[in-house]
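Residue-level structural notes
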Amino acid sequence: MTHHPHFARASLPRRLLRLAGIGALAWSAAALAGTGNGDLSDSNISYVGRWDKSNGATFRSYWNGSYLSTKFTGTTVKVKLAAPTRFKAIIDGVASDYWDASGTINLTPTALANGTHTLKIVAKYEYTELPFQGLVLDAGAATVKPDALPLVEFIGDSITSGVVTSDMVFTDYAWLTGERLGADHTQISYPGISLVDPTWEKPNVPTGMESLYFKLQQATHCSDVACTGNPAWDFANYAAKLVVVNLGSNDVSKSVPGATFQSRYTTFLQNIRAKYPNADIFALRTFNGFYQAETQAAVNARASAGDAKVHYIDTSGWIDAGDLPDSLHPNDAGHVKITYRLLPILLPYLGVVTRNDTSFSYDNTANWLSGAQNGAYLNDNHWSSVTNASYQLPFAGTQVKLYGGQAPAHGIAAVSVDGGAETFVDAYSATRKDDVLLWTSPVLSAGTHTLKVRNTGARNANATGNFVVGDRVDVIDGGLNLLSNAGFENGLGGWNTGANGGTVSTATTRPNSGASHLVHSGTAPYWAYSAQTLTGLSSGQYTVKAWVRGTAGHQLYVKNFGGSPVSVTSVASDGYTQLTISNINVTSGSAEIGFWTSVGSGTGWLHVDDVTFYKQ
């Protein structure tokens, strides 16, 4: 990203200084001076959702699910908050809750391993606001700009706010869907809100979303029905790529006539379009079916007016009565079901997602230097001249395009997908060129794959060096991995485990990608399992894949999907090999995906990483 921690010019090896002169590095004095210090002027901090930045001492978030996102180097991080608030901090995928915390709060009471880490700080409730005053980092540490991601905006009421779920915003379909899409996401939602302005109500009752959506602050800041003291939101702050609307449940309780609802919904969609000219807008049938015909008619009216990017989504059958503990609000399981139905509908509309070099997994940080490069994507990249140095990128999609620099000192890279045959890419050029398309993969099966780029150590006869660069990868979206924590970067989170005589754990030694992997092990005869059960699956054919290494005889299995259990058995291998089960015909709406170990001695072991389960 733009503001890496940079090497001082005096500390660079002389060999690299010489290469800079021929275009291999092309440092600039301005880039060398720039690092992110975590204060409010730090452009490496991304503010997602509706934030008020008018106060130079405190930036304040509004609406539930708003968050700030960044990466940081070092081993610790603290956040400065101007007033008590409730929030969740997510570091490297691991979440912690903070209640009524203020001042300078240590988010890492146990120091992290030295390196680059990810951070999100999230407003948890509809009335929660983050009065953010900056981050405190280790001496010499810096923030790193997070990847630029497409943004999905969810508009709704208490259902979209996660009311009655176990963890509010973090267990509702909006948050789950946004996270699984790999996108930034906002939730403009408030419990009890209707679409139509309740102008017949008494003061202090929140106005309808047809007006409040266009305001900076949530309904708690409305002193009257008209919400006159609530500033207008400046839509120039960000542009949503997708907008999902789920409104109507509270209009029923306010006895809004169907014709009125339809007319106001049509106008609401038109007003959203005026703010987001290029977004795809999706209008959901309310899960209880309220105003179904009117919602669909509003979408049809906009389509007839020439809006080709507004869509109606029929949610009939997505959840059932057992998912509605109070007959209106879905529970955790219901929100998961909604997520699984919504994901494949939204995914094709995300188009191309660009991943910057800061999100690649490098074989050894000592092998790869990083810093500024004018002309590269986001003006930064990584580079290495070490033979067999490599980086990997797990991705969900049907194709990848690799971009990087060409220069006199650049060599030949070997590129492969999913451990397949390597293609050799010569990045030599007599003159420096950056952000160049170097390689395009063939069209792949829908699902999750892993791209690997390796420095062969070879070079063109005219080249003066053998540098290989990591810059960016474009992912063309396709299938979607339905498993959570599929790379075990969040420990065993999301997986059910059990053992008798052995242990189930995670480790950081020799992952297939990322920083962690699953381990089954024991010192005596034992059995162990790790499994994940998915619900709300649409009927059809599915595939499961996993990268494994270990002794022979372990099983990757799928069961409880409506047919007889299926499995594949591992072979002994010290290196990772991929196990695959295809054509799993899911008819029951659910499936259990897992790993089974049963050994007669303590010498049997299994390592698992990068598990994928997706619809074919």
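Coordinates for the structure precede this section.
Residues numbered from 1 in each chain as written. Predicted model: local features only at pLDDT ≥ 70, side-chain atom pairs only at ≥ 80, totals over all residues. Heavy atoms only, no water.

Focus on the packing of aromatic side chains
The cut-off we apply is this: Here is the rule: rings of Phe, Tyr and Trp (six-membered ring for Trp) pair when centre to centre is within 6.5 Å. Planes less than 30 degrees apart are stacked, more than 60 are edge-to-face, and the remainder are tilted. For helices the rule is a DSSP run of H or I covering at least 4 residues; for strands it is a run of E covering at least 2, with both sets numbered from the N terminus onward. To sit over a ring, a charge needs its Lys NZ or Arg CZ within 6 Å of the ring centre and within 35 degrees of the ring normal.
This structure, assessed with the given rule, holds 30 aromatic pairs. The interplanar angle of 85° and the centroid separation of 6.0 Å between the aromatic rings of Y173 and F287 together place this pair among those described as edge-to-face. With Y173 in helix 3 (residues 173-180) and F287 in the loop between strand 11 (280-284) and helix 7 (292-304), this pair connects stretches of sequence that are 114 residues apart. Three or more aromatic residues link up through ring pairs in this structure, and these residues are Y213, F214, F235, F268 and Y276. In this arrangement the basic side chain of R472 is found over the ring face of Y403, its NZ or CZ atom lying 3.5 Å from the centre.

Description of the sheet that holds strand 10 (residues 242-246)
Just so we agree on the cut-off: Following DSSP output, two strands are said to pair if at least two bridges run between them. Note on geometry: axes are C-alpha line fits, over the in-contact stretch for helices, and angles between N-to-C directions span 0 to 180 degrees.
As summarised here, the arrangement of the five strands in space is 9-8-10-11-12, forming an open sheet in which the pairing is parallel. In this open sheet, the two edge strands, each paired with only one partner strand, are strand 9 (184-189) and strand 12 (310-313). Recorded for the sheet is a direction-independent mean angle of 20° between the axes of neighbouring strands. Both strand 11 and strand 12 contribute to a ladder of four bridges, which runs parallel. Its bridge partner lying in strand 12, F282 is registered against H311.

Digging into the pairing of strand 26 (residues 517-535)
Relative to strand 26, strand 25 (residues 496-507) runs antiparallel, the two sharing 11 bridges. Bridge assignment links V504 to a residue of strand 26, and that residue is H520. Strand direction decides the pairing type here: strand 26 and strand 32 (residues 606-615), joined by three bridges, are antiparallel. When the sheet's bridge partners are listed, H520 is paired in strand 32 with L606. Here strand 26 runs beside strand 31 (residues 590-599); their pairing, made up of 10 bridges, is antiparallel. Paired with T533 across the strands is E592, a residue of strand 31.

A closer look at the state of the cysteines
Note the cut-off: By convention in this document, the label disulfide applies to cysteine sulfur atom pairs within 2.5 Å. For the exposure calls, accessible area comes from a 1.4 Å probe over protein chains only, and a residue counts as buried if that area is under 20% of its type's maximum, exposed if over 50%, partly exposed in between.
Evaluation of the coordinates by the stated rule reveals one disulfide. Residue C222 pairs covalently with C227 via a disulfide, S to S 1.6 Å. Judged by the sign of its S-S torsion, about -65°, the cystine formed by C222 and C227 is left-handed. Of the residues examined, C227 reaches a relative accessible area of 1% and is grouped as buried.

Side note on helix 3
To be explicit about the condition: Any N or O atom pair separated by 3.5 Å or less is treated as a polar contact, with the protein-specific requirement of one donor-capable and one acceptor-capable atom, and with residues adjacent in sequence counted only for side-chain atom pairs.
What helix 3 keeps buried is the set Y173, A174, W175, T177 and G178. Between a side-chain oxygen at the N-terminus of helix 3 and the backbone nitrogen of A174 the separation is 3.0 Å; the capping residue is D172. Within two residues after helix 3, G182 carries a phi angle of roughly 70°, on the positive side.

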